[in-house]
Amino acid sequence: MSRPRLEVADVFHRHGAAWRKANAGHVSLDQLKVMSAIEQCRSAALGGHVERCEDCDHSRIAYNSCRNRHCPKCQGAAARDWLAAREADLLPVGYFHLVFTLPAEISGIAYQNKAVVYDLLFRAAAETLLTIAADPKHLGARIGFTAVLHTWGSAMTHHPHVHMIVPGGGISLDGSRWISCRPGFLLPVRVLSRLFRRLFLTGLADAHAAGRLAFFGELGGLHSRSAFAAHLAPLRRKNWFVYARPPFAGPEAVLAYLARYTHRVAIANSRLLALDERGVTCRCKDYRRDGQARYRTMTLAPDEFIRRFLLHVLPQGFHRIRHYGLLASAGCKANIARARELIAAPMPLIETPAEHDDARNADTGAEHRPPCPCCGGRMIIVETFERNGAPRGPPPSDATVGTAMS
């Protein structure tokens, strides 16, 4: 497994200690844990094992991964496992991509109240889709969808929005037939936008009245009910952003999209270009421009890079991928089966969960362990070592260093 030339971990290793000292008392425990996990990921600090090729005796040390959901190095395997579980739920219909975005005026409130506001964003967007889809004036059906929270723009600024992947149709309200949407059109975005705005602002006002919101610094004055109402008033007249992209070409395209989006973090290691006396240079996009002018680079001071990266640390236990309607976990399998029956689609040939788990457990090494880099042979584990430990004996001079998912 090749290592990127530059990683977020390198920025933390070089500048993290100074940043923590300069910001002592202003960094959350969750943020400190994320920094520590990324710094230790795939290093001796987390332990690992020694592998040896059965054919040529080539050896390599594989260090364990931190598996933190904010770590750029750990999301590939997590995404693959998640996608394998979702593949059987895909329906043979067109899929749409919708985005519900909070206006900039809400961003500061959301950052200081992540759990409350992000949850409200999910609930308001989901209720909007379910309500408008069930309206006989539009689709008149029960739909299902998967929602994924992103909190960043390309420059890692705070930009909360929810991506939704929605099948192009649903089950009629009486459960008797499948209702397909019009070709290339799911639901009117202007109608969605207005209901989303109303539901979110109502929920936010209710949260304020219930004392569930906290305000600090420049937002301290919003503790007052009148000041909070005045802050929200202009937003009731503003157009809120709901975006609907054209439908995907097919289920395979849906999976390709999900692979890119479900387990993203604020910035991928592949976007980092340089770490030098000027700061951290990385690739980004300017969505206000078109064509090649959209792609550019930016350089941030190390402390600003770290600050922006940590803006997007989620509260512990917060679910950033959620399923609604027909895809809600309680009745998902039954709903998918009924939808396939109504669409007259054959059920997919997949392993049962028990069979899948047994096969995965029996062949974990063959599935996840890369072959020998010298001869392509099978690598076997010959030794394991604990956190902050080391192999009992020094590996041969031709040994390489790899990684392992602990």
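Residues numbered from 1 in each chain as written. Predicted model: local features only at pLDDT ≥ 70, side-chain atom pairs only at ≥ 80, totals over all residues. Heavy atoms only, no water.

Across its full length, the protein chain holds twelve helices and 15 strands. Here the protein chain holds 406 residues, and the buried ones make up 48% of them. Residue pairs at least 24 apart in sequence account for 72% of intrachain contacts in the protein chain once pairs closer than 6 positions are excluded. Accessible surface, the protein chain: about 20,800 Å² in total, of which carbon and sulfur atoms supply 53%. (Helix = DSSP H or I, 4+ residues; strand = E, 2+ residues; numbered from the N terminus. Buried < 20%, exposed > 50% of the residue type's maximum accessible area, 1.4 Å probe, protein only. Contact = heavy atoms within 4.5 Å. Areas by Shrake-Rupley, 256 points an atom, 1.4 Å probe, with all protein chains shown as cover.)

One non-glycine residue, Asp57, lies in the positive phi region at around 65°. Within the chain, Arg67 stands out as a residue other than glycine whose phi angle is a positive 60°. Mapped onto the elements of the fold, Arg67 is located in the loop between β2 (59-64) and α3 (75-87).

Turning our eyes to something else, we now look at the pattern of salt bridges. Under the defined criterion, the tally for this structure stands at twelve salt bridges. Ionic pairing is found between Lys333 and Asp89, a salt bridge with its closest N-O pair at 3.1 Å. Of this pair, Lys333 sits in helix α10 (residues 332-343) while Asp89 sits in the loop between α3 and β3 (95-101), placing them 244 residues apart in sequence. One salt bridge in this structure joins Asp119 and Arg123, with 2.9 Å as the shortest N-O distance. Of the two residues, Asp119 and Arg123 are both situated in helix α5 (residues 114-134); the distance of four residues between them amounts to about one turn of the helix. Residue Asp119 is classed as partly exposed on the basis of its relative accessible area of 22%. Among the charged side chains, a network of salt bridges with common partners joins Asp119, Arg123 and Arg322. (Salt bridge = Lys/Arg side-chain N within 4 Å of Asp/Glu carboxyl O.)

By the criterion of burial, strand β6 (residues 158-167) is predominantly enclosed, with nine of the ten residues buried. Across seven bridges, the pairing between β3 and β6 is antiparallel. Note on β6: the bridge partner recorded for Phe100 is Val162. Here strand β5 (residues 144-152) folds back onto β6 in antiparallel fashion, the turn holding five residues, of which Met156 has a positive phi close to 65°. (Pairing = 2+ DSSP bridges.)

Below, the discussion takes up the nonpolar core. Most often, soluble globular proteins keep nonpolar side chains buried together rather than apart. Ranked by internal contacts, the top residues of the largest apolar core, which has 52 residues, are Leu98, Val117, Leu129, Met164, Phe196, Phe200 and Leu204. Contributing elements (two or more residues each) for this core: β3, α4 (104-112), α5, β5, β6, α6 (189-209) and α7 (225-232). Beyond its immediate chain neighbours, meaning those up to four positions away, Phe196 contacts Phe100, Thr101, Leu102, Leu121, Ala124, Ala125, Thr128, Trp240 and Val242. Counting 33 residues, the second-largest nonpolar core is a separate cluster that includes Ala9, Val11, Leu275 and Ile306. (Core = buried A, V, L, I, M, F, W, Y, C linked by side-chain atoms within 4.5 Å.)

With antiparallel pairing, the five strands of this open sheet are ordered in space as β9-β3-β6-β5-β13. Edge positions in the open sheet fall to β9 (242-245) and β13 (321-325), since each of these has one partner strand only. This sheet shows a mean twist of 25° between the axes of neighbouring strands, independent of strand direction. As defined by bridge partners, β5 adjoins β6 across six bridges and the pair is classed as antiparallel. The residue of β6 that forms the bridge with Thr146 is Ile165. Its contacts with the sheet place α6 against β3 and β9, and it is angled at close to 145° to β9. (Axes fitted to C-alpha atoms, helices over the stretch in contact; angles between N-to-C directions.)

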